[in-house]
Amino acid sequence: MRRLIFFGGAGFLLLFALSFAKPASAASSTVYTWTPSKLYKTASGEAYSRNVNSGTAVTVYSKSGKRYKVKAGGKTGYIYAYNLTRSKVKKEDYFGSKIYKQAAGGPYVASVPAGKMMYIKMEATKNGMYLAHVIGTGYSGYVDKTHFIKPVVKYTWMPSKLYTSATGNSYNKTIKDGQKVSVFNGSHGRYQVKAGNSSGYIYANNLTGLLAKKTVYASSKLYTSASHTKYTAVIRPNQQVYVKESTQNMSHICVVGTTQSGWIYTSHFTKPAPAAGGKTTGTATGSTSGSASGTTGSATATSGTTTAGNTGSGSASGTTTAGNTGSDSASGTTTTGNTGSGSASGTTTTGNTGSGSASGTTTTGSTGSAGSTGSATASATTTKGLDVSHYQTLTQDSFNLMKSQGYNFVILKATEGSGYTDSKFYTYYKYARNAGLSVHAYHMIGNSTTTSAQHIAEAKHFYQVLAQTKASTGYAFTGYAFEDIEPTGTNSITTTWWANAAPACAGYFLNEMQTLGQTKVGIYAGYFNWKSYLEGHTDSWPGNTKIWLARYNITLGTNADVWQYTETGTIDGITGHFDLDISYDPDF
């Protein structure tokens, strides 16, 4: 009885163990072939029963040496462990790659074009490279894993060297501006790209996501930065450029078909509309008739007002004042016609145009035994000037040349922000006054705060610098003091600031200047910003504020006291380009 019980207990234990033990033929997992594989008949022999395609699911039972016993498609055999992977990953090579023998590079098996599909053995990834098999070929090895990431499309906005590596200086070719490239990865400031059938590395700064091709309608300085302080060249009107980016009213561009690149004013891409009445002409005619007894004389004018003349004595007089157009003011002269002897004469002067020029014509006649006609022209009263800063290298002779060539005034940069003083202000002020020029000054706005304190602080700095002019030069400052309102690389002026704060902030500055004792004040701005944000919003400004506007066009197209009409002007005998101005104000 005891023996039976013992046997029974032992039998139970044996059956229990057998029920949980894994037999030699039990499946362990499902894996995949990442490369074509032979299904060997034994764990060590060379004979095989069939080929198993890459990407085939197989059931793994056990491992023997370097091979696994597997079941593939209903057949059992052995496949090298190296040929199996835990997950089936199929990827497209977007770049086109060399298939390397080792993850460290070196010798390679083959080169394959873009678009090839591969199976990847993910667990064997090393040094940024996948262990891969090119489907449908016999090629297996290591491939740069970034080549399997779908590329980003970018464009060259300027000519770009296609370097052979991410760090070296050797390059295969230069890619023209405006070319589409596929970007795969980046390091050391360069992107690995494909441009057509060529591949290599291009500096990241030479690429842009959106390529905009625009026409420059105004003569433009090509500045080295968005702060528009230094420039390397001048772009002429109607030149086409590629634009990479825009910020603070400046655009980063490259001149199409050249290597010239830099920053220009974004407003220069706006095609100027013809200014209504941009050219002003005035005509006046006077006609009389005379007889022994004296008849009535009359004069008529095409514009302005006409005064008809006297009778009895045979004399007549007429006056004509022509109106102004464009951006500025004009005054006419008088047209008169006298009779008695049967003669008449008249003159007119028309107002200035956008360029500061004017012409008037008069036709006069006489009656009696003979008739005659005549004509006369006159120029509007304007003065020429320019504005400079320490960026121009000038001497006393330079200012003497300006005066000898008809320039009457100069506006000098004096300050910026609440602490900067232009290094050449006092020197140039003395040179200009020595040359007999009328001298004015401007302050570059240094901040975009919306409260009054900072703007008042800048005004105080500007005033203090002007107040020291006499001590520094021997000449007291007697000109106009302008606030230059425009975006720079440091003042952070934005469109929002223009729209919501510009007029008020200018008022803080101008009123503080007058409170301190500088009664002659003004504002400098670009035409677009003036028309968009400032004009019509000057109620808080001093009533005598002068307006100085910049527009590089054949006409200014609005009213102003001073017009900066180019930034690429030249003066005989002086090297470099200058901002040239016209004043319609007799104070200049």
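Residues numbered from 1 in each chain as written. Predicted model: local features only at pLDDT ≥ 70, side-chain atom pairs only at ≥ 80, totals over all residues. Heavy atoms only, no water.

A complete count under the given rule lists four salt bridges for this structure. A salt bridge links Glu535 to Lys531; its shortest N-O distance comes to 2.9 Å. On the basis of relative accessible area, Glu535 is assigned to the partly exposed category, the value being 32%. Residue classification places Lys531 among the partly exposed residues on the basis of a relative accessible area of 36%. (Salt bridge = Lys/Arg side-chain N within 4 Å of Asp/Glu carboxyl O. Buried < 20%, exposed > 50% of the residue type's maximum accessible area, 1.4 Å probe, protein only.)

Moving on, we get to the side chain of Asn447. Among the structural elements, Asn447 can be located in the loop between strand S33 (438-444) and helix H4 (452-467). Residue classification places Asn447 among the buried positions, given a relative accessible area of 8%. Among the polar contacts listed, one links the side chain of Asn447 to the side chain of Thr449, at a separation of 2.6 Å. Looking at Asn447, its side chain comes within polar contact range of the side chain of Glu458, at 2.5 Å. Residue contacts for Asn447: discarding those within four places in its chain leaves Gln454, His455, Glu458, Asn491 and Ile493. (Helix = DSSP H or I, 4+ residues; strand = E, 2+ residues; numbered from the N terminus. Polar contact = N/O pair within 3.5 Å; in protein donor to acceptor, adjacent residues only side chain to side chain. Contact = heavy atoms within 4.5 Å.)

Turning next to helix H3 (residues 425-434). When we look at burial in H3, the residues that qualify are Phe425, Tyr428, Tyr429 and Ala432. Projected down its long axis, H3 shows its buried positions confined to an angular sector of 105 degrees, all on one face. Of the residues trailing H3, Gly436 is marked for its positive phi of about 90 degrees. (Arc of directions from axis to C-beta.)

So, about the nonpolar core. Residues Leu386, Phe399, Met402, Val410, Leu466 and Trp497 are the most contacted members of the largest nonpolar core, which totals 53 residues. When residues in this core are grouped by element, the largest group, six residues, is from helix H7 (residues 502-516). Within the second largest apolar cluster, twelve residues are counted, among which are Ile411, Tyr480, Tyr524 and Phe588. (Core = buried A, V, L, I, M, F, W, Y, C linked by side-chain atoms within 4.5 Å.)

Within helix H2 (residues 396-404), the full set of buried residues consists of Ser398, Phe399 and Met402. Take H2 and look down its axis: the buried residues cluster within an arc of 95 degrees, on one side only. Among the exposed residues of H2, those pointing more than 90 degrees away from its buried face are Asp397 and Ser404. Along its buried surface, H2 packs onto strand S30 (383-388), strand S31 (407-416), H3, strand S37 (562-571) and strand S38 (574-583).

Before going further, it helps to spend a moment on the pairing of strand S25 (residues 250-255). A large share of S25 lies buried, amounting to six of its six residues. As paired strands, strand S24 (residues 239-247) and S25 are joined by six bridges and run antiparallel to one another. Residue pairing across strands places Tyr242 opposite Cys254, the latter belonging to S25. Hairpin remark: S24 followed by S25, antiparallel, with two residues in the connecting loop; positive phi at Gln248, about 50 degrees. Where S25 meets strand S26 (residues 261-265), five bridges bridge the pair, whose relative direction is antiparallel. Paired with Ser251 across the strands is Ile264, a residue of S26. Where S25 folds back onto S26 in an antiparallel hairpin, the turn is made up of five residues, including Gly257, whose phi is positive at roughly 80 degrees. (Pairing = 2+ DSSP bridges.)

Below, the discussion takes up the confidence of the model for the chain. Mean pLDDT over the chain: 80, with 77% of residues reaching 70 or higher. The secondary-structure element of the chain with the lowest mean pLDDT is strand S29 (residues 359-364), recorded at 34, while strand S34 (residues 481-484) shows the highest, at 98. Long-range and interchain partners of residues 1-25, a stretch whose pLDDT sits below 50, account for one contact in this model, where long-range means more than four residues apart. (pLDDT = per-residue confidence, 0-100.)

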